[in-house]
Amino acid sequence: MFNGAPHRVMDFHHHTPGNLRAMVQLKLRNLLSGTQTETKVASTEDLEEADVITSRASFLYSDADGYHFMNSESYEQFTLSTEAVGESVYYLQDQMDVDLTLFNGDPIGLNLPQTVVLTIADTEPEMKGATASNSPKPAKTDTGLALTVPPFVKIGDRIVVNTENGTYLKRAE
């Protein structure tokens, strides 16, 4: 907890300048708003641990209210706003298991699996005889994600995509 809101420590550096007291420089990300801040605290200062838990959930559906998930153990349903889901919307699929981040029982974010399988909805056709060129081409998946793929990928192909950076990894089996 920092300034009354839960934060994730993105980076820290313990620093002892000359004969001064030791301090810790922190790079924090606010889990509610997503803003990033940097601050210095004394190395003897205690920070309160936020009441943040991670719960396994399945994606059910989306509507005007937001994105709906169901806890896999308690069958309790949660709704995340479009802002809270953010770029993850391009990777969500029906019945997909995700890790929901809850703060005081309310969902504030989600963590996706490292890779997902998506279907190519639109891309340029492969050029015949262009074997020497291995230049990637633009493509769009069925979820709306725009990415670059190798020239041999066609419409309807299923591909494995890295959810951290949205890049093509390989064709799905």
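Just so it is clear, the model here is predicted, and its values are computed rather than measured.

**Comments concerning the sheet that holds strand β11 (residues 146-149)**
The strand order β11-β10-β9-β12-β13 describes an open sheet built from 5 strands, whose pairing is antiparallel. Only two strands of the sheet have a single neighbouring strand rather than two, namely β11 and β13 (167-171). Strand after strand, the sheet turns through a mean of 55 degrees between neighbouring axes, direction not considered. Here strand β9 (residues 115-123) runs beside strand β10 (residues 137-141); their pairing, made up of 3 bridges, is antiparallel. When the bridges of β10 are listed, Thr123 appears paired with Ala139.

**Notes on the confidence of the model for the protein**
Considering every residue of the protein, the mean pLDDT works out to 84; 96% of them sit at 70 or more. Ranking the elements of the protein by mean pLDDT puts helix α1 (residues 82-85) last, at 80, and strand β12 (residues 158-162) first, at 91.

**As for the pattern of salt bridges**
Under the criterion given, the structure shown has 1 salt bridge. Of the charged contacts, one joins Arg56 and Asp99 as a salt bridge, the two residues approaching to 2.9 Å between their closest N and O atoms. Residue Arg56 is located in strand β4 (residues 52-63), and its partner Asp99 is located in strand β7 (residues 97-103); the two are separated by 43 residues in the primary sequence. Note on Asp99: relative accessible area 25%, which makes it partly exposed.

**Let's talk about the side chain of Asp157**
Looking at the element boundaries, Asp157 is found in the loop between β11 and β12. For the buried Asp157, which has no salt bridge, the nearest side chain bearing the opposite charge is Arg171, at an N-O separation of 4.0 Å. Of note is the side chain of Asp157, whose polar atom sits 2.9 Å from the backbone nitrogen of Lys154. In this structure Asp157 touches Leu118, Thr119, Ile120, Phe152 and Arg171, once residues within four positions along its chain are discounted.

**Looking at the sheet that holds β4**
Pairing is antiparallel in the open sheet, where 5 strands are placed in the order β6-β5-β4-β7-β8. Across the chains shown, the open sheet's two edge strands, defined by having one partner strand only, are β6 (77-80) and β8 (106-111). Across the sheet, the mean angle separating the axes of adjacent strands is 45 degrees when strand polarity is ignored. Here β7 runs beside β8; their pairing, made up of 5 bridges, is antiparallel. Its bridge partner lying in β8, Leu102 is registered against Pro107.

Conventions and cut-offs
- Residues numbered from 1 in each chain as written.
- Predicted model: local features only at pLDDT ≥ 70, side-chain atom pairs only at ≥ 80, totals over all residues.
- Heavy atoms only, no water.
- Pairing = 2+ DSSP bridges.
- Helix = DSSP H or I, 4+ residues; strand = E, 2+ residues; numbered from the N terminus.
- Axes fitted to C-alpha atoms, helices over the stretch in contact; angles between N-to-C directions.
- pLDDT = per-residue confidence, 0-100.
- Salt bridge = Lys/Arg side-chain N within 4 Å of Asp/Glu carboxyl O.
- Buried < 20%, exposed > 50% of the residue type's maximum accessible area, 1.4 Å probe, protein only.
- Lys, Arg positive; Asp, Glu negative; His and termini not counted.
- Polar contact = N/O pair within 3.5 Å; in protein donor to acceptor, adjacent residues only side chain to side chain.
- Contact = heavy atoms within 4.5 Å.

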